[in-house]
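Coordinate inspection notes
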Amino acid sequence: MSVNEKLRNIAIIAHVDHGKTTLVDAMLRQSHVFRSNEQVAERVMDSGDLERERGITILSKNTSILYNDVKINIVDTPGHADFGGEVQRVLNMVDGVLLLVDAFEGPMPQTKYVLRKALEQKLKPIVVINKIDRPDQRVDDVYDEVLELFMELDADDEQLDFPCIYATAREGIAKYNMEDESDNLVPLLETIIKDIPAPSGDADGALQMMVTTLEADEYVGKVAVGRIIRGGVKTNQSVALLSGDHESKARVGKIFVYQGLKRVEVPEAQMGDIVALTGLGDVSIGYTVADAENPEALPTINIDEPTLSMTFGVNTSPFAGREGQFVTSRHLRDRLFKEVETNVSLRVEETDSADVFKVSGRGELHLSILIETMRREGYELQVGKPEVVYKTINGQKCEPMENLTIEVPQEYMGAVMESLGTRKAELSNMTEVSGYMRMEFVIPARGLIGFRSELLTNTKGNGIMNHVFCGYVPFKGDIPGRTRGSLVAFEQGETTGYGIYTLQDRGTMFISPGQQVYEGMIVGENSRELDIDINPCKKKNVSNMRTSSSDEAIRLVPPRILSLEQALEYINEDELVEVTPENIRLRKAILDRTARGRANKNARK
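Residues numbered from 1 in each chain as written. Predicted model: local features only at pLDDT ≥ 70, side-chain atom pairs only at ≥ 80, totals over all residues. Heavy atoms only, no water.

Looking at the environment of G313
Our working rule: Helix and strand labels come from DSSP, where a helix needs a run of H or I of at least four residues and a strand needs a run of E of at least two; each type is numbered from the N terminus. Each residue's exposure class comes from its accessible area (1.4 Å probe, protein chains only) as a fraction of the maximum for that residue type: buried when under 20%, exposed when over 50%, partly exposed otherwise. Every residue pair with non-hydrogen atoms within 4.5 Å of one another is taken to be in contact.
With respect to the helices, strands and loops of the structure, G313 is situated in strand β20 (residues 308-313). G313 sits in the buried class, given a relative accessible area of 4%. It is 5.7 Å that separates the C-alpha atoms of G313 and L381, two residues lying 68 residues apart in sequence. Apart from the residues within four sequence positions on either side, G313 is in contact with L332, D355, V356, L381 and Q382.

Structure (structure tokens):
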């Protein structure tokens, strides 16, 4: 066994928005990765457009810094439960974790989820209590809560003896104790080198490397990223690719290692290095890259199963092909199967129809990010209502459950409890945290569909919710769906101010004057239970008869504009969301109103 003392591999794990990416920024700045005159964006690791817009990390990223001649490889991971598959697999590449906890919020559901995964893999933790400059910080309480969490997750004695660092990631400051004076991250970097074990293994043995991430490159094809567990790798070396029963031969093209934010080409890499290899051809996540002479496979990565599925289909509306570049079922099929190669938590299945695919993922956010990405790439598609993935266990129909944590001001508690009661949620814990009530529930995953917008309405935007998958239980019974019907346009044309004005008292409109609509398109929400067919394109009759009311100004109520997530939550089983690069429209699955009426009559029989 040899130990590579010049190397440390760590992952940064935490609940969403506790400062992971900001801390990586500060570490990069202080290790002089950037030139002094270089313009650097905030949260430089969040490189995708969607990541920047939403302020969330979706894909795990690799970077490295040098400190006192020791190279520290850092993996920045997502905080949302929907991207848990990303977190699970990158933990295979590291020897220790920085567990970030907010100095006010303390450990949250996702903190527990990612910490459990890290402890199961026997990784060495360093706890970083971040945002200690908050006026409402409660550092001592948070430290106790973290300790309790470690005990609850059955950490061993060595893991319980974790070092704790106090930090303000935004300012780039870390301290051993709250009273210390500090203006840099040296205490954190020193702790990483002292407490995180250096990679150890057989440096002279036969090559073994697990592929944990795939990146696509237009020029060299697939780039396989992973950590060398044993031996070393050289350019042009012959290797074996192993996965289950599969075995194939390949030749390593180029070898890259991470230096700062750049990939740097090297002629060879050793045990413990995190590398990116080109030229391996048809390689997938979970494959072992092994020595061609002595191929030995590593244990495969287990990823949590998908809990939510949706249908993705070719756009069949009258406006199909007007706004998108990729509109055929072949385009859609190729794009979805390409996504599965790099998105480990995703499943794509073919259905009876060649134009429709069933896509399963870890949650609404996971699937809506995929839809939004495809839309920006120029795809047109229509998607159905999200449905949970049921399992049969011991002959019983079982459904996925989630641990839900909600923080609301006390005055909104009643409304939230009432709303969750109808969704079959059970309260498991309730604590008060400086004026806010933190309530913990166990709820069926299908009970969460559409709940986020309801929570924001009930709490006037003050509610915070987080949820994480907790297992399968026997089916809990029916949950009531949307109680209001749709307002459906019954002819194609351009909407008019007069047409919308005459229909305003029927419900809430989703459209404004001058918009193109088609038969079967949902243009609003009825104030009652049933669907109504309406005509928002109606024009005012022009005649030479005058009445006292004819010249009154038309006052329109502003329409309700639904985001992609809101649209997915809103639709019923017989409705679809049409997604194009320029518009998101709601529509009935059957556009023709006569055929729709017939189908409804048959369904009621």
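A short note on helix α9 (residues 364-376)
Heads up, the condition is: Between the first and last residue of a helix there are one fewer steps than residues, each counted as 1.5 Å, and that sum is the expected span.
Spanning 13 residues, α9 covers 18 Å between terminal C-alpha atoms, matching the ideal 18 Å at 1.5 Å per step. Within the sequence span of α9, burial applies to E364, L365, H366, L367, S368, I369, L370, I371, E372, M374 and R375. Within two residues after α9, G378 carries a phi angle of roughly 105°, on the positive side.

What about the UniProt feature "binding site: GTP" (unreviewed entry) in the protein chain?
What counts here: UniProt positions are given in the numbering used here, feature names are shortened, and annotations may be inferred rather than shown by experiment.
When the UniProt feature table is mapped onto this chain numbering, "binding site: GTP" (unreviewed entry) sits at D17, H18, G19, K20, T21, T22, N130, K131, I132 and D133. Its location among the elements puts N130 in strand β6 (residues 124-130). With a relative accessible area of 2%, N130 lands in the buried category. Note that I132 resides in the loop between β6 and α5 (139-152). Those residues in contact with I132, other than ones at most four positions away along the chain, are A103, Q137, V139, Y166, A167, T168, K175 and M178.

Quick look at the packing of aromatic side chains
For clarity, the cut-off: Note on ring pairs: Phe, Tyr and Trp rings are taken, using the six-membered ring of Trp, and paired if centres are within 6.5 Å. Classes follow the plane angle, with under 30 degrees stacked, over 60 edge-to-face and the rest tilted. The rule is short: NZ of Lys or CZ of Arg within 6 Å of the ring centre and within 35 degrees of the ring normal puts a charge over the ring.
Going through the model one piece at a time under the given rule, you end up with six aromatic pairs. Where F326 meets Y379, the ring centres are 4.7 Å apart and the plane angle is 35°; that geometry is what we call tilted. One end of the pair, F326, is in the loop between β20 and α8 (329-342); the other, Y379, is in the loop between α9 and β23 (381-383), with 53 residues separating them in the sequence. Members of the aromatic cluster, joined through ring pairs, are Y143, F150 and F162. Over the ring of Y390 we find K397; its NZ or CZ atom is 4.4 Å from the centre of that ring. Stacked on the ring of F475, the Lys or Arg K397 has its end atom at 4.4 Å from the ring centre.

Remarks on the side chain of Q159
Spelled out, the test is: Any pair of N or O atoms that falls within 3.5 Å is considered a polar contact. Within protein, one atom must be able to donate a hydrogen and the other to accept it, and sequence-neighbouring residues count only if both atoms are side-chain atoms.
Its location among the elements puts Q159 in helix α6 (residues 157-160). At 3.4 Å, the side chain of Q159 and the backbone oxygen of L119 are in polar contact.

Considering the packing of helix α10 (residues 413-421) against helix α11 (residues 451-458)
So the rule is basically this: Axis lines are fitted through C-alpha atoms, for helices just across the contact stretch, and the angle between N-to-C directions can take any value from 0 to 180 degrees. Roughly parallel means an angle under 35 degrees; roughly antiparallel means over 145; roughly perpendicular covers 65 to 115; every other angle is labelled oblique. Here is the rule for handedness: rotate from the far helix to the near one, and if that takes an anticlockwise turn smaller than a right angle the crossing is left-handed, while a clockwise turn gives right-handed.
Where α10 contacts α11, the axes come no closer than 10 Å and their chain directions differ by 155°. Relative to α11, the element α10 is oriented roughly antiparallel. The chirality of how α10 crosses α11 is right-handed. Counting all contacts with α10, which are made through A415, V416, S419 and L420, the residues of α11 involved are F451, E454, L455 and N458.

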